[in-house]
Amino acid sequence: MSTRVYRVMHRTRYTYNDDVSSSYGRCYLTPRDLPGQRVRSTTVDIEPEPDDRSTGIDVYGNHDSYFHVRTAHRELTVTARSVVEVDPVDQGVLIGPAARAPWESARPAVVGGREAALAVEFVLDLDPPEITRSVRDYAAAVFTPQRPLIEAVTDLTTRIFTDFAYRSGSTAISTRVDTVMQRREGVCQDFARVAIACLRSVGLAARYESGYLATDPPPGKEKIFGADASHAWAAVWMPDGRWLAFDPTNDKLVDERHVTLAWGRDYDDAPPLRGVIYTDSTKSHIDVSVDVSPAQSPEPGTGA
């Protein structure tokens, strides 16, 4: 395994059957700079050209872009392009004391300190609640007393991968975790939310992370679920203040095949794109295309 460089393209096209007089949008389409991920270049292009646009950083450190198009239009296209360099999993983290310690020691309330206090927000349940009896029972089989955190998290990852069927179109953004638990099917965002609910049910801090998967797996690797589309996974807080990200859709830790975009407590904290339009249109259509392809490592200082 080695560092990989990707060219990422995420295009969203909205079409309407009547003029849109005004369109407001906010998107999270800029990858994050992280210890194991470096953004070499990134752009967000919007057509028609916005009359007003700005960028910012939200409370979770995500980069967001705001725009307002006042030109009448029947088609709106948002295209994000980035070149990102991603490192393999740091094996030192996986064998370190924080990962090998009993999972109970990773509860922020136990650790104390500033980092733990900031992580407490990610322990809290959502409203309406996602931690139900079925979630607690499912988590109880994984988080047995004094089990090492890394062992419990990898077991949870494998169990969700084994027990739930990946079925595109079987759920919607609004589908509740309890519904997914009953049906035992869904897509990446559902499996991430199941994992998060399980972690929170035992007092651990968990966050929802969004991003992409490499379209072409390395030689000898099997095809992965969620490629050619936005992807989602979960991360658990460790007592050393770091977060361990894992992908239950593909039964693996997040590694050099994942490009991290944004994170929050749930999907609603950092959706790829949301907005409001003013129109008499009665029909609309959305088309989303994503491509994550290998790129040659850029020369230092080129920024491309």
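Refer to the structure above for everything that follows.
This structure is a prediction, so every number in the text was calculated from the model and none was measured. (Residues numbered from 1 in each chain as written. Predicted model: local features only at pLDDT ≥ 70, side-chain atom pairs only at ≥ 80, totals over all residues. Heavy atoms only, no water.)

J.: Quick one: what's the story with the overall build of the protein chain, residue by residue and with numbers?
T.: Of regular secondary structure, the protein chain possesses eight helices and 14 strands. The C-alpha atoms of the protein chain give 20 Å as radius of gyration, which agrees with the globular expectation for 304 residues (19 Å, within 12%). Counting every position in the protein chain, which comprises 304 residues, the buried fraction comes to 52%. Considering only contacts in the protein chain between residues 6 or more positions apart, those separated by 24 or more positions represent 75%. Accessible surface for the protein chain amounts to roughly 14200 Å². Of this, 50% is attributable to carbon and sulfur atoms. Side-chain charges of the protein chain comprise 34 positive and 43 negative groups, with the mean position of each set lying 3 Å from the other. (Helix = DSSP H or I, 4+ residues; strand = E, 2+ residues; numbered from the N terminus. Rg over C-alpha atoms; globule rule 2.2 N^0.38 Å. Buried < 20%, exposed > 50% of the residue type's maximum accessible area, 1.4 Å probe, protein only. Contact = heavy atoms within 4.5 Å. Areas by Shrake-Rupley, 256 points an atom, 1.4 Å probe, with all protein chains shown as cover. Lys, Arg positive; Asp, Glu negative; His and termini not counted. Charge placed at Lys NZ, Arg CZ, Asp CG, Glu CD.)

J.: Now, about the packing of aromatic side chains: what can you tell me, with residues and values included?
T.: By the definition in use, this model includes eight aromatic pairs. Look at Y138 and F164: their rings are 6.0 Å apart centre to centre, the planes differ by 80 degrees, and that puts the pair in the edge-to-face class. Here the residue Y138 occupies a position in helix 5 (residues 133-140), and F164 occupies one in the loop between helix 6 (149-163) and strand 6 (165-166), the gap between them amounting to 26 residues. Note on F164: relative accessible area 5%, which makes it buried. Taken together, the ring pairs connect Y138, F164, Y166 and F191 into an aromatic cluster. The ring of W263 carries R32 above its face, with NZ or CZ at 3.7 Å from the centroid. One cation-aromatic arrangement involves R207 over W263; the distance from NZ or CZ to the ring centre is 3.5 Å. (Phe/Tyr/Trp six-rings, centres within 6.5 Å; stacked < 30°, edge-to-face > 60°. Lys NZ or Arg CZ within 6 Å of the ring centre and 35° of its normal.)

J.: Just give me the short version of a nonpolar patch on the surface, but keep the residues and values in it.
T.: A grouping of Y24, V276 and Y278 is seen on the molecular surface, where their side chains present a nonpolar patch of about 280 Å² in accessible area. Turning to its location among the elements, V276 is positioned in strand 13 (residues 273-279). (Patch = residues over 30% accessible without salt bridge, like charges linked within 9 Å, V, L, I, M, F, W, Y side chains within 5 Å. Salt bridge = Lys/Arg side-chain N within 4 Å of Asp/Glu carboxyl O.)

J.: How would you summarise the side chain of T77 if you had to cite specific residues and measurements?
T.: Of note, T77 is situated in strand 5 (residues 73-86). Ignoring sequence-local partners within four residues, the contact set of T77 consists of R11, T12, R13, D45, I46 and E47.

J.: Give a detailed account of the sheet that holds strand 10 (residues 243-247), specifying residues and quantitative values.
T.: Taking strand neighbours across the sheet as the criterion, the five strands line up as 11-10-9-8-12 in an open arrangement whose pairing is antiparallel. Only two strands of the sheet have a single neighbouring strand rather than two, namely strand 11 (252-253) and strand 12 (258-264). Across four bridges, strand 9 (residues 231-237) lies against strand 10 in antiparallel orientation. If you follow W237 over to strand 10, its bridge partner there is W243. (Pairing = 2+ DSSP bridges.)

J.: Go over the pattern of salt bridges with me, naming the residues and quoting the values.
T.: Pairs can form between side chains of opposite charge once their charged atoms are near each other. Within this structure, the stated rule accounts for 19 salt bridges. Note that R193 is salt-bridged to D266, the shortest N-O span being 3.1 Å. Pair noted here: R193 is in helix 8 (residues 188-201) and D266 is in the loop between strand 12 and strand 13, with a separation of 73 residues, a long-range link. Three or more residues joined by partner-sharing salt bridges are found here, namely R38, R40, E85 and D87.

J.: I'd like a description of the packing of helix 5 against helix 8, backed by residues and values.
T.: With their axes 9 Å apart at the nearest point, helix 5 and helix 8 run at an angle of 80 degrees to one another. Looking at the two axes, helix 5 sits roughly perpendicular to helix 8. Counting all contacts with helix 5, which are made through V135, R136, Y138 and A139, the residues of helix 8 involved are A197, C198 and S201. Class assignment for the residues of the contact of helix 5 with helix 8 results in five nonpolar, one polar and one charged. (Axes fitted to C-alpha atoms, helices over the stretch in contact; angles between N-to-C directions. Parallel < 35°, antiparallel > 145°, perpendicular 65-115°, else oblique. Nonpolar A, V, L, I, M, F, W, Y, C, P; charged D, E, K, R; others polar.)

J.: How would you summarise the pairing of strand 4 (residues 63-69) if you had to cite specific residues and measurements?
T.: Among the seven residues of strand 4, five are classified as buried, and the element is accordingly described as predominantly covered. Sheet analysis places strand 1 (residues 4-27) next to strand 4, joined by five bridges and oriented antiparallel. Looking across to strand 4, one finds that C27 is bridged to S65. Where strand 3 (residues 52-57) and strand 4 come together, six bridges link them in antiparallel fashion. Counterpart to S54 in the pairing with strand 4 is Y66. The antiparallel pairing of strand 3 with strand 4 creates a hairpin that spans five residues between the two strands, and G61 there sits at a positive phi of about 85 degrees.

J.: Can you lay out helix 8 for me, pointing to particular residues and giving the numbers?
T.: Given a rise of 1.5 Å per residue, 14 residues ought to cover 20 Å, and the 20 Å separating the end C-alpha atoms of helix 8 matches this to within 8%. Taken from the residues just after helix 8, G203 is the one with a positive phi, measuring 90 degrees. (Expected span 1.5 Å × (residues − 1).)

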